[in-house]
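# A look at the structure
Below, each chain spelled out in residue letters.
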Protein chains: 2
Amino acid sequence: MIHIFSYRNTLPYILLLPASFIFPYPLVDSTWGVIIVSCLEGRVPQPLCGLVKDPESLAREVVRLLQGKRLVSMGTSGFGSVGYPKTFPPFLGDALRETGGRLVVLTGASAYGMDEALVERGVVARRYPYQNNPRMRQLINDGIVAFQDYHLGEWPRINAPAILSRLTGGLDIAVVEASRVTEEGIIPTASVGAGPAWVDQARYVIVEVNLDASPALEGMHDIYAPKPGEPVPIRRVNDRVGLPYIPVPKGKILGIVESRGIDHGGEPAEPGPVEKAIAENLLGFLEEEVERGLLPKSLYPLESGVGTVNDAVFKALREAGFRGLTAWTEVVQDSLIQLYQEGAMDYMSCTSLMLTPGNLEYLYSHPGEFKGAVVLRPQDVTNNIEVIRRLRVIAINTAVEVDIYGNVNSTHILGSRIINGIGGSGDFARGAYLSVFIAPSTRKNGRISSIVPMVTHVDTPDHDVDVLVTDQGVCDLRGLSPREKAELIIEKCAHPDYRDLLRKYYEKALKYGGHVPVSLEDAFTLHVNLRDRGDMRLGA
Amino acid sequence: MIHIFSYRNTLPYILLLPASFIFPYPLVDSTWGVIIVSCLEGRVPQPLCGLVKDPESLAREVVRLLQGKRLVSMGTSGFGSVGYPKTFPPFLGDALRETGGRLVVLTGASAYGMDEALVERGVVARRYPYQNNPRMRQLINDGIVAFQDYHLGEWPRINAPAILSRLTGGLDIAVVEASRVTEEGIIPTASVGAGPAWVDQARYVIVEVNLDASPALEGMHDIYAPKPGEPVPIRRVNDRVGLPYIPVPKGKILGIVESRGIDHGGEPAEPGPVEKAIAENLLGFLEEEVERGLLPKSLYPLESGVGTVNDAVFKALREAGFRGLTAWTEVVQDSLIQLYQEGAMDYMSCTSLMLTPGNLEYLYSHPGEFKGAVVLRPQDVTNNIEVIRRLRVIAINTAVEVDIYGNVNSTHILGSRIINGIGGSGDFARGAYLSVFIAPSTRKNGRISSIVPMVTHVDTPDHDVDVLVTDQGVCDLRGLSPREKAELIIEKCAHPDYRDLLRKYYEKALKYGGHVPVSLEDAFTLHVNLRDRGDMRLGA
């Protein structure tokens, strides 16, 4: 690999020749620092090489083209903090800061590093639809950055266009990370997210060719854009219905820049006794359903949120001898790859590969083995309720808190401080054949009960919560009335330390009667205890 | 019409001849009171006439066949209190009462008269997924009948089978009202609802041939059963993808009984100034969207809940000169028929015709005119999120209360007393291209504000609430952060009498900060005022 220039290395290797001396085709951008390695490596085909630009100049060019627009909308690739653009957004942030402009940042989902860089530049006015960066989160919770979470499956082609038509008159720029760009389009890296939707909607497209991206990614993507009036023609987890690249009309690409760095998932924490108990309880429930003939032996396609408990669940499935499993999910984590390696998992469909280096390396070095087994799709396909329902997905998502009537809060602490956003849990819980929510019965050394009289924020109402699993037990809530749910949840899923407190609340609520007995004065007493005394059990 | 016997008239006209004397084919049921008029009228073809039975004996036969099962599940047709069975369920109630058995009653949605008859017999143990009968409601709110509402689109083929497999080992009987029964299947009356799903799932099927049903209904139905793994092949409002009857395997019909009576919607109340203001505000918003090129001139297919405001909305659309409209909705009300008559509405798809006698008569007496313009479908098609999204439906639903952050309560008064159930509002709000909620800014002479600090029950979380319309104004909430929503809703949609109270709450909540500022102690103060003092404005 001839590494002529990387913007990060502040020009140590730059060839002191005009680029036109080496390449016969004209370079649109004539600055010396132009990135030419992509062309040399074949990441950018010759006819597009003229679009390869240095990111700083390109950022200024964008600002100039937008004629000093005060609010600029940027839609980027990135999901699960994988595959987001790393080079261009910070430069755009700098260029905007100079002109007093501000950014509306739209991603697929989380884009940790990009958020960090943009927060540093203080140019983010609005952010959608999900984030996981502590500094961005703080700005949102302080009311400085305007944020609203959206269901990730609807977001790119339904919510975003409606919002943008009012905010910035449509999407100004799309910035998409690529492993390669061809004359037909963009081959993404290890996530697809909302990239294809942004490319469709944006006035200008900027491609970031990531020189570290594995060539093994090519052929793993299935880019399909849901169209109004047409069914999404997917019938099985491994169906391919689209293209292996994001199509882009030739004139839409304003520039191509280089980037570096592979996005990894963090090393999963070793499951403790609580996580193991949750996993075992869920496993027991699934095994019983199979035994009763209510679920097939290979289950239905699995969706699972990200986290230690979810890892523990997959581990338990593996150990219990489940075979022929499939996953229709947002993010493929290590545990799924392990299931595949051990022959328990046949197909995985996702929008992001959030793997630790070892597993990513394994996947990339065995392209033949995984070809056909892993499909990377846009999030408006993976999270599409139409497809989720058709495939009879079993959704397993984590709740922040659940109330005794089965309503789920997935996002807000004490009803107010957002953590990340609803993400895909609303898509999967709504579309699923079986919607399971999991949670530890208590958090913070028992100071917080995940089972509360009333959730302080509702993301998934009771209608879409079939089964609740904690380390204490399993509650199959299907068909139960709210009163029946309350009794079952208190006895089987709440932590023993909290059962009396919850029973007392429920008895008080019963005095007011009703289909869903509620005592309005006492609904948030546990939360007030937590807020004011640091422990839900410490009453005034 | 030769009316030989109607069970309601306690045998005045019975012919004192054995039925076999008149009919050459053997009658399975040899009781004297057998219903033969259906055969005479051709509502039941000869080979099925042997199944025509008297409802009382049939009810006893069912109880006998179920071998004294204590809990019997009955799935019936009926949606919008139209097309539910009128004859058999009360007799089954009587027969069960004798043996100490109880009923799990599953409908499509509301079945007012059937609920009334069953409540009278005191045999209902459980009821799903929606009801509108005050006596049934009281039993549910008192915790005597176990009830849980479900999204009507998911209910028949996803929730119900999962619930029934546990409760009664599958569906025991389906009772479906028919305008005619053929050897191939059942031609429904003026609603389809969950009838086809119950017929598919039930061990025994009972058909109620309604002798008053109009022959004009034949050909209006499009019976399609969504199948796992397959897209619903509907691409336009008027597409026909199924059969004009509910297919039934021959051996599954246990008996055919006669019924009488046409189900009507109530005469809609004349809209008052509040309803007119809501309708005008919504109309203004839609016109603006069309002007800005964000909606086509003929809009997208409309869904609308039932009620005076909704009627007023359609009237306003008519008067504003909208043309080429279509409706993809649950229930067709008078106002839609009027739109059609005046040439403003092209196609209507629904699962129930809830019309006043005059309009129903008009529709039935002009079958040629409406053929192709009105399609009656199962509720798992009309309320299917897959199709709703594909058709870009504009959903207009009524809220009981909305909070300053845009969360909607559609079902529970003071968080506890259920009114009817979530119905289709959750299906349409979730699947819609544009989800509008409407509400009067106050109710009960100003004693209740529909805009509250925090809703006491969440049916539709903020993510699925695009636009809020009251008599005070319109709030386009798309893309706004919760803080922005709060300010807008208080200023534009709340009633002036309540703005100060809401502002004070919001200021207090802001002290706690967060993405969604909440003051846990004060969130329900207005509701407590209402509960204890009868007026939200009367504080302690």
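Residues numbered from 1 in each chain as written. Chains lettered and ligands numbered in written order. Predicted model: local features only at pLDDT ≥ 70, side-chain atom pairs only at ≥ 80, totals over all residues. Heavy atoms only, no water.

Two chain copies here: they are related by a rotation about an axis and a translation along the same axis. The two copies are related by a screw motion: chain A maps onto chain B through a turn of 180° and a shift of 0.0 Å along the axis, at an RMSD of 0.0 Å. Look at the turn and shift together and you get a two-fold axis relating the two. Residues of chain A ranked by C-alpha distance from the rotation axis are headed by Glu386(A), positioned 2.3 Å from it. Mapped onto chain B, 100% of the interface residues of chain A are again interface residues, and the two copies thus contact each other with one and the same surface. (Least-squares fit on C-alpha atoms with pLDDT ≥ 70 in both. Contact = heavy atoms within 4.5 Å.)

The next point concerns the packing of helix H4 (residues 55-65) of chain B against helix H5 (residues 88-99) of chain B. Residues and elements named next belong to chain B. Packing of H4 against H5 leaves a shortest axis separation of 8 Å and a crossing angle of 50°. Classified by the angle their axes make, H4 and H5 are oblique. Two packed elements cross with a definite hand, and for H4 against H5 that hand is right-handed. Contacts between H4 and H5 involve Pro55, Glu56, Leu58, Ala59, Arg60, Val62 and Val63 from the former and Phe88, Phe91, Leu92, Ala95, Leu96, Glu98 and Thr99 from the latter. Broken down by class, the residue content of the contact of H4 with H5 amounts to ten nonpolar, one polar and three charged. (Axes fitted to C-alpha atoms, helices over the stretch in contact; angles between N-to-C directions. Helix = DSSP H or I, 4+ residues; strand = E, 2+ residues; numbered from the N terminus. Parallel < 35°, antiparallel > 145°, perpendicular 65-115°, else oblique. Left-handed = near helix turned anticlockwise from the far one by under 90°. Nonpolar A, V, L, I, M, F, W, Y, C, P; charged D, E, K, R; others polar.)

Before going further, it helps to spend a moment on the side chain of Asp403(B). All names here are of chain B. Secondary-structure assignment places Asp403 in strand E17 (residues 401-403). Of the side chains with opposite charge, Lys485 comes closest to the buried, unpaired Asp403, at an N-O distance of 8.4 Å. The residues touching Asp403, leaving out its near neighbours within four places in the chain, are Val452, Pro453, Met454, Val455 and Ile489. (Buried < 20%, exposed > 50% of the residue type's maximum accessible area, 1.4 Å probe, protein only. Lys, Arg positive; Asp, Glu negative; His and termini not counted. Salt bridge = Lys/Arg side-chain N within 4 Å of Asp/Glu carboxyl O.)

The subject of this paragraph is the state of the cysteines. Summed over the entire model, instances satisfying the criterion amount to two disulfides over all chains. The disulfide partner of Cys39(A) is Cys49(A), and the gap between their sulfur atoms is 1.8 Å. Residues Cys39(A) and Cys49(A) are joined through a disulfide that is left-handed, its torsion about the S-S bond being -140°. Here Cys39(A), found in helix H2 (residues 37-40), pairs with Cys49(A), found in helix H3 (residues 46-49); they are ten residues apart in sequence, far enough to count as distant. The buried category is assigned to Cys39(A), whose relative accessible area is 13%. Residue Cys49(A) is classed as buried on the basis of its relative accessible area of 1%. Distance from the sulfur of Cys475(B), which forms no disulfide, to the nearest cysteine sulfur (Cys493(B)) is 3.2 Å. (Disulfide = S-S within 2.5 Å.)

Okay, unusual backbone geometry next. Residues and elements named next belong to chain A. In this structure, Pro129 follows Tyr128 across a cis peptide bond, with omega equal to -15°. With respect to the secondary-structure elements, Pro129 resides in the loop between strand E3 (124-128) and helix H7 (134-141). Backbone geometry at Gln67 places phi at a positive 50°, although glycine is not the residue there. Secondary-structure assignment places Gln67 in the loop between helix H4 (55-65) and strand E1 (71-76).

All names here are of chain A. The strand order across the open sheet built from three strands is E18-E17-E24, with neighbouring strands paired in mixed fashion. In the strand order of this sheet, the two ends are held by strand E18 (408-409) and strand E24 (451-452), each with one partner. Relative to E18, strand E17 (residues 401-403) runs antiparallel, the two being bridged by two bridges. Paired with Val402 across the strands is Val408, a residue of E18. (Pairing = 2+ DSSP bridges.)

The next point concerns the interface of chain A and chain B. At the interface, 80 residues of chain A touch 80 residues of chain B. For the pair chain A and chain B, the summed buried surface comes to about 6,600 Å²; carbon and sulfur atoms form 50% of the total. For chain A, the biggest contributors to the area lost against chain B are His463(A), His515(A) and Leu520(A); these three give 12% of the whole. Here chain A is connected to chain B by 18 salt bridges. A salt bridge links Arg166(A) to Asp476(B); its shortest N-O distance comes to 2.9 Å. Viewed at the interface, chain B and chain A are joined by 55 residue pairs in polar contact (both at pLDDT 80 or more). Per-element tally for the side of chain A that touches chain B: the top contributor is helix H8 (residues 155-167) of chain A, with five residues. Here the side of chain A that touches chain B is composed, by residue class, of 32 nonpolar, 21 polar and 27 charged. (Buried area = accessible area lost by both parts, 1.4 Å probe. Polar contact = N/O pair within 3.5 Å; in protein donor to acceptor, adjacent residues only side chain to side chain.)

So, on to the pairing of strand E7 (residues 204-210) of chain B. Residues and elements named next belong to chain B. With seven of seven residues buried, E7 lies mostly within the body of the structure. The alternating pattern of E7 places Tyr204, Ile206, Glu208 and Asn210 on one face and Val205, Val207 and Val209 on the opposite face, and all of these are buried. Sheet topology note: the strand E5 (residues 173-181)/E7 ladder contains six bridges and is parallel. The residue of E7 that forms the bridge with Ala174 is Val205. Where E7 and strand E9 (residues 253-259) come together, six bridges link them in parallel fashion. If you follow Asn210 over to E9, its bridge partner there is Ser259.

Quick look at the side chain of Ser450(B) now. Residues and elements named next belong to chain B. Following the sequence through the fold, Ser450 ends up in the loop between strand E23 (448-449) and strand E24 (451-452). A polar atom in the side chain of Ser450 sits 3.1 Å from the side chain of Arg443. With residues up to four places along the chain from it excluded, the contact list for Ser450 reads Val400, Glu401, Val402, Ala439, Pro440, Ser441, Thr442 and Arg443.

It is worth spelling out H5(B) at this point. When the terminal C-alpha atoms of H5(B) are compared, their 17 Å separation across twelve residues agrees well with the 16 Å that a helix rising 1.5 Å per residue should span. Looking at H5(B), one finds that the buried residues are Phe88(B), Pro89(B), Pro90(B), Phe91(B), Leu92(B), Gly93(B), Ala95(B) and Leu96(B). (Expected span 1.5 Å × (residues − 1).)

Looking now at the sheet that holds strand E18 (residues 408-409) of chain B. In spatial order, the strands read E18-E17-E24 (chain B); together these three strands make up an open sheet with mixed pairing. Strands with a single pairing partner mark the edges of an open sheet, and in this sheet they are E18 and E24 of chain B.

Next up on the list: the pairing of strand E16 (residues 394-398) of chain A. All names here are of chain A. Extensive coverage of E16 is indicated by the burial of four of its five residues. Of the strand pairs in this sheet, strand E10 (residues 302-304) and E16 are connected by three bridges, and their pairing is parallel. When the sheet's bridge partners are listed, Ser304 is paired in E16 with Ile396. As paired strands, E16 and strand E21 (residues 434-438) are joined by five bridges and run parallel to one another.

Next up on the list: the packing of aromatic side chains. Summed over the entire model, instances satisfying the criterion amount to 15 aromatic pairs over all chains. Taking the centre distance of 5.5 Å and the plane angle of 20° together, the rings of Tyr150(B) and Trp155(B) count as stacked. Across this residue pair, the class does not change: Tyr150(B) and Trp155(B) are buried. Put simply, the rings of Tyr128(A), Tyr150(A), Trp155(A) and Trp198(A) touch in pairs and so form one group of aromatic residues. Over the ring of Tyr84(B) we find Lys86(B), and its NZ or CZ is 4.6 Å from the ring centre. One residue, Lys227(B), lies across the ring of Tyr224(B), its end atom 4.1 Å from the ring centre. (Phe/Tyr/Trp six-rings, centres within 6.5 Å; stacked < 30°, edge-to-face > 60°. Lys NZ or Arg CZ within 6 Å of the ring centre and 35° of its normal.)

A word on the environment of Glu154(A). For Glu154(A), the location among the structural elements is in the loop between strand E4 (146-147) and H8. Between the C-alpha atoms of Glu154(A) and Gly424(A), which are 270 residues apart in sequence, the distance is 9.8 Å. For Glu154(A), the residues in contact, after removing those within four places along its chain, are Asn159(A), Asp427(A), Arg389(B), Arg430(B) and Asp464(B). A polar atom in the side chain of Glu154(A) sits 3.0 Å from the side chain of Arg389(B).

The next point concerns the confidence of the model for chain A. All names here are of chain A. Here chain A averages 92 in pLDDT, while 93% of its residues score no lower than 70. Low pLDDT, under 50, characterises residues 1-34; the stretch is placed with 65 contacts to residues that sit more than four places away or in other chains. Across the interface, the model reports ipTM at 0.93; the global pTM reads 0.94. (pLDDT = per-residue confidence, 0-100.)

Moving on: the packing of helix H12 (residues 334-341) of chain B against helix H13 (residues 357-365) of chain B. Helix-helix packing: each pair is described by the crossing angle between the helix axes and the interaxial distance. Residue and element names in this part refer to chain B. Two numbers describe how H12 lies on H13: the axes approach to 10 Å, and their chain directions differ by 45°. Considering the angle they form, H12 stands oblique to H13. Helix-helix and strand crossings are classified by hand; for H12 and H13 the assignment is left-handed. Residues Asp334, Ile337, Gln338 and Gln341 of H12 lie in contact with H13, whose contacting residues are Asn359, Tyr362 and Leu363. Broken down by class, the residue content of the contact of H12 with H13 amounts to three nonpolar, three polar and one charged.

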